[in-house]
Amino acid sequence: MSGRITQNMMNSQLLTNLNSNMNRMNNLQNQMSTSRKINKPSDDPVGLSYSMRYRSELSSNDQYAKNVDGAISWLDYSDTMLGQAGSVLQRIRELTVNAANGTNPQDALKAVQSEVDQLSGQLVDIGNSQFNGKYVFNGELTDKVPYSKTTPEASVTDSGQINFQVGVGTQIPINVTGNQVFGDPSDNVFGVLKNLSTALSTGDQTTVSSLLGKLDERMEQVNNVRSDVGAKTNRVELVQNRLSDISINLQSLQSKTEDADMAEVITNIKTQENVYEASLSAGSKLIQPSLIDFLR
Amino acid sequence: MRSTFSGLELAKRGLFAQQTALQTTGHNIANANTTGYSRQVVNLVASRPLEAVGMTSSALPGQIGQGVEFDHINRIREKFLDSQYYNENKNYGDWSTRQDTLEKLETIVNEPSDTSIRTVMENFWNSWQELSKSPEDLTARAVVKENALALTDAFNHVSGQLSDLNSDLTENIKVKATQIDTTLNQVVSLNKEIHRVEGLGNDANDLRDQRDVLVDNLSKMINVTVTDTDNGYNIKMGGTDLVTGTDLNATVDSAFLTNAASSGDLASGEVRGLIDSRDNIVADFQKQLDTMVKTLAEGDVKVTLPTGTVLRAGTTLNPGPTPTTLTADTAVTVKGVNGLHQLGYSLNGDVTSPGIPFFTLKDGATDFSAASITVNPQIVNNVENVASSLRTYTDTDGTNKVVKGNNGLALLMSGLSTTNFNFDPANTGTTVLNGGTVDEFFRAFVGEIGVQSQEAQRQASNQKLLVDQVDSRRQSVSGVSLDEEMANMIKYQHAYNAAARSMTTFDECLDKIINSMGVVGR
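If you're wondering where the values come from, they're calculated on a predicted model, not measured in any experiment.

Engineer: Hey, could you run me through the overall build of chain B in this one?
Structural biologist: In terms of helices and strands, chain B carries 12 helices and 16 strands. For 522 residues, the compact-globule estimate of 2.2 N^0.38 gives 24 Å, and the C-alpha radius of gyration of chain B, at 41 Å, exceeds that figure by more than 25%. Principal-axis analysis of the C-alpha atoms gives chain B an extent of 165 × 40 × 35 Å. Out of the 522 residues in chain B, the part that is buried amounts to 47%. Put simply, chain B shows about 24100 Å² of open surface, and 51% of that area lies on carbon and sulfur atoms. One way to put it: in chain B the 43 positive side-chain charges average out to a point 5 Å from where the 63 negative ones average out.

Below is the structure:
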């Protein structure tokens, strides 16, 4: 600035400076009160696009985590049911082994038969078990009873796979079908049990003994499926851990992008306050005596 | 021969001139804070000197001074600084209106936050995943419906905000046009008045100041070039004459300004900023948003239909032949959310009639846009109509039924959130992204707003600094300095007193001549 300086020039200069100081303070105070350095797109357009992506990914990650929770409870339920089926079959096997012992009188076989029938009914109930109102062993026909009470040996379950989404493009089938667990309708466990029951009622001990092998096969099948479910549960739990790791990563990335460095902001705001006070006191100097005050 | 009384005249001239100077000083002090006021200075000149009066040329050396006169009262002003000021001021007006508009857009997009369009979209996709977990469930469908409604409401709302912004800008242009018109009329009448006053040989300083203030204001609203002629100011906007001297050449209204903007005559200033804000910034934002909505609803997107998918009679797949039941995973192109939804089966059990679109147009609309999109009323009225299954089966009674537990469609639908859409099928090159996910597209155009806004802020504050700087230089030349005026006042006051004293001296001389001469020996 050269030459003449007038009072008004100093006034407007002071106002401009005060204004820009206030602007900077306002900006810093906004950062401090929101604890974020990106409060609108223009604060940092590049950072913003990252921040938006992290937010979206966090949201879908949360959803995947919910899906995983659903998958785990479904798998846990299947596991419990398969465990029950295993114990029922174990009990039946014990009874069959006893019955196959040639010394049993017909009365005893009758008693065994009635218990086998009860257990068989129990197995049908297990096959028809529902989780959240859905039949778990009927593939995708979750609204239909898979095994009929009267002729379960002829029932065909749906083979549809129910997939849960647990990551971008990652789907895990979480259901096991009745056919997988209890065998195909041609020789499923219910057919075996029916034959067993018939053999017991007629006292046909050779058949009873021969059915023991079939029973073992079915039991092994149930156990296989159960270990499959266990393996799947492990996999889903791994996914769960990975999702929570990702979530922490994303949060820290988001915070790095969006969050204001408080120490820095507070230091800056202190500096800015000093500058502001200095400019205010410059203002008080500005209302200084002019020549008028000396001309009396 | 010298005049006896010329000394009195000389002292009188001194008194008058110094008094005028004092008065002008007083005028300056009084106007120290008047906007646009330029300090005035009385131009004092020595009066024309006289040869001593006589019958013959005297032999006396020199000419005798005849005291002081003022020939002009000058306004101290630098014309060059004015045109510099107009130049910077128009750019300041331009950028500050752009900044204003862009800041409003930033408020509309409301990012980064958890309450923006992006959040609503996420909720929409997530609700399909929820549905995929319990596809036979009505509650999950109600959640899909509610989130879809929230999504279309958000689109409608933002679109409404944008058209409000648009009409605000139109209204602002109208107001500015009226202001410009009024200002130009005032300039013309001041031109006339100045012409009249100065024709009489006077200096119309204060009127000129008033006229300059008007042009200052004008220069913020539009780009002007000003030439000072004998008839007053000629004002041009680009190649268009607005004022020539005492004639007003144009009636300024918003149509006039819009035409001038498209012809390029209106190149800068607030009005240009407003027109560009409306026709480029806001219109472009609206266009991107509409493109996003349209693409989401019915844009081409590739999905992979899983094995076992049962297609309705009459469905045509793109590409290729359409079997009833797919025996392998098949990649096909579908038309957005709507096209995909039409492939699916819902809880209403209908397996024969064509599938319904998910989004529909509001009454009277012909094309999908942020304003016209809504959720299919059939779905809103009955959430059973939300499709989630891709399979049917033949029941024991021989009828075809929907496999209600199949979640294939729900999974594909939620998968669309990470699938690339084609946003510019016609290859216009005007969309912010050609291909990408909906989320990426949204991010890209919000980012664009951010960059534009950042630039506008920077430019506006730079221009403000430049305007302030030029103004300060103008003030340095034309502004009133009280110290200076006080010093001048002392100067003129002393001169005035001295002139009065010299009058007394001449008076005493005359007294001596008249009353005391020729009385020798009395």
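Engineer: What is the right way to read the sheet that holds strand E5 (residues 240-244) of chain B from this model?
Structural biologist: Strand pairing within a sheet occurs via backbone hydrogen bonds; the two strands may be parallel or antiparallel. Residues and elements named next belong to chain B. A sheet is described by the order of its strands in space; here 4 strands give the open sequence E3-E4-E5-E6, paired in antiparallel fashion. With partners counted over all chains shown, the strands left at the sheet margins are strand E3 (225-229) and strand E6 (247-248), one partner each. Where E3 meets strand E4 (residues 232-237), 5 bridges bridge the pair, whose relative direction is antiparallel. In the sheet register, threonine 229 faces E4, and the bridge partner there is glycine 232.

Engineer: Is there a simple way to think about the interface of chain A and chain B in this case?
Structural biologist: With 49 residues of chain A in contact, the opposing surface of chain B contributes 54 residues. For the chain A face of the interface with chain B, the top three residues by lost area are A:Arg4, A:Met52 and A:Glu140, together amounting to 16%. For the pair chain A and chain B, the interface holds 6 salt bridges. One salt bridge connects B:Arg391 with A:Asp158, and the closest N-O pair in it is separated by 2.8 Å. Where chain A touches chain B, the interface holds 31 residue pairs in polar contact (both at pLDDT 80 or more). Residue assignment for the side of chain A that touches chain B shows that the elements contributing at least two residues are helix H1 (7-34), helix H2 (45-100), strand E3 (163-167) and helix H8 (291-294) of chain A. In terms of residue count, the dominant contributor to the side of chain A that touches chain B is H2(A) (14 residues). Tallied by class, the residues present in the side of chain A that touches chain B amount to 16 nonpolar, 20 polar and 13 charged.

Engineer: Just to check I follow, could you spell out the packing of aromatic side chains for this structure?
Structural biologist: Each aromatic ring pair is specified by the distance between its two centres and by the angle formed by the two planes. All names here are of chain B. Under the defined criterion, the tally for this structure stands at 19 aromatic pairs over all chains. Where tryptophan 128 meets phenylalanine 358, the ring centres are 5.5 Å apart and the plane angle is 55°; that geometry is what we call tilted. A residue pair is termed long-range when its members are at least 10 positions apart, and tryptophan 128 in helix H3 (residues 117-133) and phenylalanine 358 in the loop between strand E9 (345-346) and strand E10 (359-361) qualify at 230 residues. Here the two residues tryptophan 128 and phenylalanine 358 agree in accessibility, since each one is buried. Seen in terms of ring centroids, phenylalanine 421 and phenylalanine 423 are 6.3 Å apart; in terms of plane orientation they differ by 45°. Their pairing is tilted. The buried category is assigned to phenylalanine 421, whose relative accessible area is 2%. Given the relative accessible area of 3%, phenylalanine 423 is considered buried. An aromatic cluster is defined as three or more aromatic residues linked by ring pairs; in this entry it consists of Phe285, Phe421, Phe423, Phe441, Phe442 and Phe445. Taking NZ or CZ as reference, arginine 211 lies 3.7 Å from the ring centre of tyrosine 233, over its face.

Engineer: I tried to follow the side chain of B:Asn28 on my own but got confused; where do I start?
Structural biologist: Residue and element names in this part refer to chain B. Note that asparagine 28 resides in helix H1 (residues 6-30). One polar contact links asparagine 28 to glutamate 485, side chain to side chain, over a distance of 3.3 Å. Filtering out sequence-adjacent residues up to four positions away, asparagine 28 remains in contact with Tyr37, Arg39, Gln40, Val480 and Glu485.

Engineer: How should I be thinking about a nonpolar patch on the surface in this particular structure?
Structural biologist: All names here are of chain B. Taken together, Ile513, Ile514 and Met517 make up a surface patch of nonpolar side chains, about 310 Å² in accessible area. Positionally, isoleucine 513 belongs in helix H12 (residues 482-516). Isoleucine 513 sits in the partly exposed class, given a relative accessible area of 38%.

Engineer: Can you walk me through the pattern of salt bridges in this structure?
Structural biologist: Any two side chains of opposite charge can pair, given that their charged atoms come close. All names here are of chain B. A complete count under the given rule lists 47 salt bridges over all chains for this structure. Residues arginine 75 and aspartate 209 are paired through a salt bridge, measuring 2.8 Å at the closest nitrogen-oxygen approach. Of this pair, arginine 75 sits in strand E2 (residues 68-75) while aspartate 209 is found in helix H5 (residues 205-221), placing the two residues 134 residues apart along the sequence. You can call arginine 75 buried: its relative accessible area is 17%. Its relative accessible area of 5% is what places aspartate 209 among the buried residues. Among the salt bridges present, the one from arginine 98 reaches aspartate 94, with a minimum N-O distance of 2.9 Å. With arginine 98 and aspartate 94 both in helix H2 (residues 79-109), this residue pair falls 4 residues apart, about one helical turn. What emerges from the salt-bridge pattern is a single network uniting Arg75, Arg77, Lys79, Asp82, Asp209, Asp212, Asp216, Asp471 and Arg474.

What counts as what
Residues numbered from 1 in each chain as written. Chains lettered and ligands numbered in written order. Predicted model: local features only at pLDDT ≥ 70, side-chain atom pairs only at ≥ 80, totals over all residues. Heavy atoms only, no water. Helix = DSSP H or I, 4+ residues; strand = E, 2+ residues; numbered from the N terminus. Rg over C-alpha atoms; globule rule 2.2 N^0.38 Å. Buried < 20%, exposed > 50% of the residue type's maximum accessible area, 1.4 Å probe, protein only. Areas by Shrake-Rupley, 256 points an atom, 1.4 Å probe, with all protein chains shown as cover. Lys, Arg positive; Asp, Glu negative; His and termini not counted. Charge placed at Lys NZ, Arg CZ, Asp CG, Glu CD. Pairing = 2+ DSSP bridges. Contact = heavy atoms within 4.5 Å. Buried area = accessible area lost by both parts, 1.4 Å probe. Salt bridge = Lys/Arg side-chain N within 4 Å of Asp/Glu carboxyl O. Polar contact = N/O pair within 3.5 Å; in protein donor to acceptor, adjacent residues only side chain to side chain. Nonpolar A, V, L, I, M, F, W, Y, C, P; charged D, E, K, R; others polar. Phe/Tyr/Trp six-rings, centres within 6.5 Å; stacked < 30°, edge-to-face > 60°. Lys NZ or Arg CZ within 6 Å of the ring centre and 35° of its normal. Patch = residues over 30% accessible without salt bridge, like charges linked within 9 Å, V, L, I, M, F, W, Y side chains within 5 Å.

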